[in-house]
2 protein chains.
Amino acid sequence: MTDTSPIDNQHAHEDVSNGLWYHERHEGELELGLHVTRVLHSEKSEFQRLDVFETSGFGRLMTLDGLVMVTERDEFVYHEMIAHVPLLAHPQPERVLIIGGGDGGTLREVLRHKCVKEAVLCEIDGAVVEAARRFFPNLSEAMDDKRAKVQICDGVDFVQKSDAGQFDVVIVDSTDPIGPGVGLFSASFYAGVKRVLKEDGIVVAQCESPWQKNVNFQKVYGNLNEVSDAVYAMVGSIPTYPLGFWSWGVATRKHDPRTIADSSRLEAVIRSSRYYNEEIHRAAFALPNFFKRSLEGVAKNAG
Amino acid sequence: MTDTSPIDNQHAHEDVSNGLWYHERHEGELELGLHVTRVLHSEKSEFQRLDVFETSGFGRLMTLDGLVMVTERDEFVYHEMIAHVPLLAHPQPERVLIIGGGDGGTLREVLRHKCVKEAVLCEIDGAVVEAARRFFPNLSEAMDDKRAKVQICDGVDFVQKSDAGQFDVVIVDSTDPIGPGVGLFSASFYAGVKRVLKEDGIVVAQCESPWQKNVNFQKVYGNLNEVSDAVYAMVGSIPTYPLGFWSWGVATRKHDPRTIADSSRLEAVIRSSRYYNEEIHRAAFALPNFFKRSLEGVAKNAG
């Protein structure tokens, strides 16, 4: 476990030619590189490899098993979208469950909604929570909110064993479908999610990049059909995620996720948001033809 | 001038570890890499360096001065958006001017509109047109359409010297604001664009990535104010352009670019499109808060 590795000199921010780059390859064809000025932390947790870097252009960066999880510069897109769309589509969300999301960013956005009385965060890897608390205070600060209940536990177990029908919104803030995140890409997990969801509940899950070739979107979005026949896809721009464009699936048992159900919370949310606003909420459900075609039969907005 | 450089072996498509990657750095902080299986062409034209690569994941790639101009896999987003939004917002576009766009992709989409009687393409660098004809037949084929008039000329000169008030739509399909494209980022060029535009004309221009830090969007979009006070921004996802997210500015003297003026052309356009559709047309004008804030005072949809 490395605490701070001063492999760079103090001029790093002016001179970006020190040669240290984080590189991530997608499908063997495309590479994302971020210039690194300092390695802050590296460890092999019980579940995965975890690294924290200081970058010259994107602030701090956390990677799990060599994949970008979060950068300080663009994390807000992912966290605002995965939280505000379902919470504003629900008229009165009081109990929210986050599966994964150990960095705290989703929790931070969920707790901006004053009506939320309890937000349970269920993260499998305690090392992610510890690293977030130490290196990403802007993400993890919400964990100290009285309404937050942070648990280190397996999300698959949690939805099978805790009380049924208790959550208004369930957010599946998983890693990619490798390593400890694999279980969160199974139909049986979603049967459990349905179990803990209230009758009029909403589920949202990160569903990878529409541009990726080696993803079976029928299967990824199809999992959400365990919860409801009404599944919608939404999209947004995230520069440090594969191919710069991300998708989330929303399964709903009553409320239309494209419609804002409680506009009294809207103004405060928009004021604190750097990506989300009312127009973006609606626009996120407009899908490019190539993505619509790959979702035919599983998503309502792919008609 | 290299014709074909067989630096790779025949197994390149199976084995992507041959080590040849095209890398592009943005603002010294971020790198895009594309795996190259073959260098097809390299030259120094009168105006710029021009390379054509075969990539393993994105088909053929053309770069100018070391910047991605077009890949076969994702070119459709840029070309559909820059053409169909203004042409469908106009009730009857008959004469269209394209400044730049020497690869032919924008021309191809413009000519899908049967009402267009003439499309003038004014590209400064004949080498781009030649390379497109030779290596990108799917882009350049539209140059053989009887309605296409391809000219090798300076766009700045063209809008100053040709007849006034002759075009329904002007499309500024420029490179980045370096090299031969610099003149196309000036207010005086846009005064010329206004000159050749009809009274109810629409102008659209590529306006760089909303995520770029070193771009003065007030200035880039402000140029369009030479044409009209009514300037709108629109956005779309392009994986191989800097930060994966692109913007275009639309200046209009009568028609609202967010509204489809002639839906009789819509169905055929959507059928041939891989990105554009009716929902995408409207959604493209929904801007993330961070971008809206950087456009305050210059774009109508940044209110």
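Residues numbered from 1 in each chain as written. Chains lettered and ligands numbered in written order. Predicted model: local features only at pLDDT ≥ 70, side-chain atom pairs only at ≥ 80, totals over all residues. Heavy atoms only, no water.

With that settled, the discussion passes to the interface of chain B and chain A. Chain B puts 43 residues into the contact, and the matching count from chain A is 43 residues. Counting the surface chain B buries against chain A, the share from its top three residues, Glu29, Arg73 and Trp211 of chain B, is 17%. The interface formed by chain B and chain A contains 4 salt bridges. The partner of Lys292 of chain A in a salt bridge is Glu279 of chain B, with the nearest N and O atoms 2.6 Å apart. Our count for the chain B to chain A interface comes out at 32 residue pairs in polar contact (both at pLDDT 80 or more). Put simply, the parts of the chain that give the side of chain B that touches chain A at least two residues each are strand 1 (21-26), strand 2 (30-44), helix 1 (75-89), helix 8 (266-272), helix 9 (278-283) and helix 10 (289-294) of chain B. Among the elements that make up the side of chain B that touches chain A, the one with the highest residue count is strand 2 of chain B (6 residues). Looking at side-chain class alone, the side of chain B that touches chain A contains 21 nonpolar, 11 polar and 11 charged residues. Bridge analysis of strand 2 (residues 30-44) of chain A against strand 2 of chain B gives 5 bridges, and the strand direction is antiparallel. Bridging from a neighbouring strand, Leu32 of chain A pairs with Leu32 of chain B of strand 2 of chain B. (Contact = heavy atoms within 4.5 Å. Buried area = accessible area lost by both parts, 1.4 Å probe. Salt bridge = Lys/Arg side-chain N within 4 Å of Asp/Glu carboxyl O. Polar contact = N/O pair within 3.5 Å; in protein donor to acceptor, adjacent residues only side chain to side chain. Helix = DSSP H or I, 4+ residues; strand = E, 2+ residues; numbered from the N terminus. Nonpolar A, V, L, I, M, F, W, Y, C, P; charged D, E, K, R; others polar. Pairing = 2+ DSSP bridges.)

Turning to helix 1 of chain B, a few remarks are in order. Since one α-helical turn is 3.6 residues long, residues separated by three or four positions face the same way. Relative to the 21 Å expected for 15 residues at 1.5 Å per residue, helix 1 of chain B spans 22 Å between its end C-alpha atoms, a close match to the ideal helical length. Of all 15 residues that make up helix 1 of chain B, 15 are buried, and the element is covered over most of its length. (Expected span 1.5 Å × (residues − 1). Buried < 20%, exposed > 50% of the residue type's maximum accessible area, 1.4 Å probe, protein only.)

Attention now moves to the pairing of strand 2 of chain B. All names here are of chain B. Of all the 15 residues making up strand 2, 13 are buried; the element is thus mostly covered by neighbouring parts of the structure. In this sheet, strand 2 lies alongside strand 1 in antiparallel orientation, the contact comprising 6 bridges. By the bridge assignment, His23 is partnered in strand 2 with Gly33. Here strand 1 hands over to strand 2 after 3 residues, with Glu27 in that stretch at a positive phi of 50°. Strand direction decides the pairing type here: strand 2 and strand 3 (residues 49-55), joined by 7 bridges, are antiparallel. Bridging across to strand 3, His41 finds its partner in Val52. Counting the residues in the hairpin turn of strand 2 and strand 3 gives 4 residues.

The next subject is the environment of Phe53 of chain A. All names here are of chain A. In this fold, Phe53 is placed in strand 3 (residues 49-55). Assessed through its relative accessible area of 12%, Phe53 is described here as buried. Spatially, the C-alpha atoms of Phe53 and Thr71 are 9.3 Å apart, while their sequence positions differ by 18 residues. With sequence-adjacent residues up to four places away left out, Phe53 is seen in contact with Tyr22, Val36, Arg38, Val39, Leu40, Gly59, Arg60, Leu61 and Thr63.

With that settled, consider helix 3 (residues 126-135) of chain B. All names here are of chain B. Of all the positions in helix 3, only Ala127, Val128, Val129, Ala131, Ala132 and Phe135 are classed as buried. Buried positions along helix 3 lie against strand 2, strand 3, strand 4 (60-64), strand 7 (118-123), helix 4 (137-140) and strand 8 (148-152). One side-chain oxygen at the N-terminal end of helix 3 lies 3.0 Å from the backbone nitrogen of Ala127; it belongs to Asp125.

So, about unusual backbone geometry. The bulk of non-glycine residues show a negative phi, and the bulk of peptide bonds are trans. All names here are of chain B. Of note, Asp65 is a non-glycine position whose phi angle comes to about 50°, a positive value. Tracing the backbone through its elements, the reader meets Asp65 in the loop between strand 4 and strand 5 (67-71). Unlike most non-glycine residues, Leu243 shows phi in positive territory, near 65°. In this structure, Leu243 sits in the loop between strand 11 (230-237) and strand 12 (245-252). Residue Leu243 is classed as buried on the basis of its relative accessible area, which comes to 7%.

Now for the domain arrangement of chain A. All names here are of chain A. Domain boundaries in chain A define domain 1 (21-71) and domain 2 (75-294). Placing a centre on the C-alpha atoms of domain 1 and another on those of domain 2 gives a separation of 22 Å. The interface of domain 1 with domain 2 comprises 26 residues on the first partner and 25 residues on the second. Buried surface at the junction of domain 1 and domain 2, both sides included, amounts to about 2200 Å², of which 67% is carbon and sulfur. Here domain 1 is connected to domain 2 by 1 salt bridge. When the shortest N-O distance is used, the salt bridge between Glu29 and Lys213 registers 3.0 Å. Scanning the region where domain 1 abuts domain 2 turns up 8 residue pairs in polar contact (both at pLDDT 80 or more). Of all the secondary-structure elements, those providing two or more residues to the side of domain 1 that touches domain 2 are strand 1 (21-26), strand 2, strand 3, strand 4 (60-64) and strand 5 (67-71). It is strand 2 that provides the largest number of residues to the side of domain 1 that touches domain 2, a total of 6 residues. (Domains from an automatic or database assignment.)

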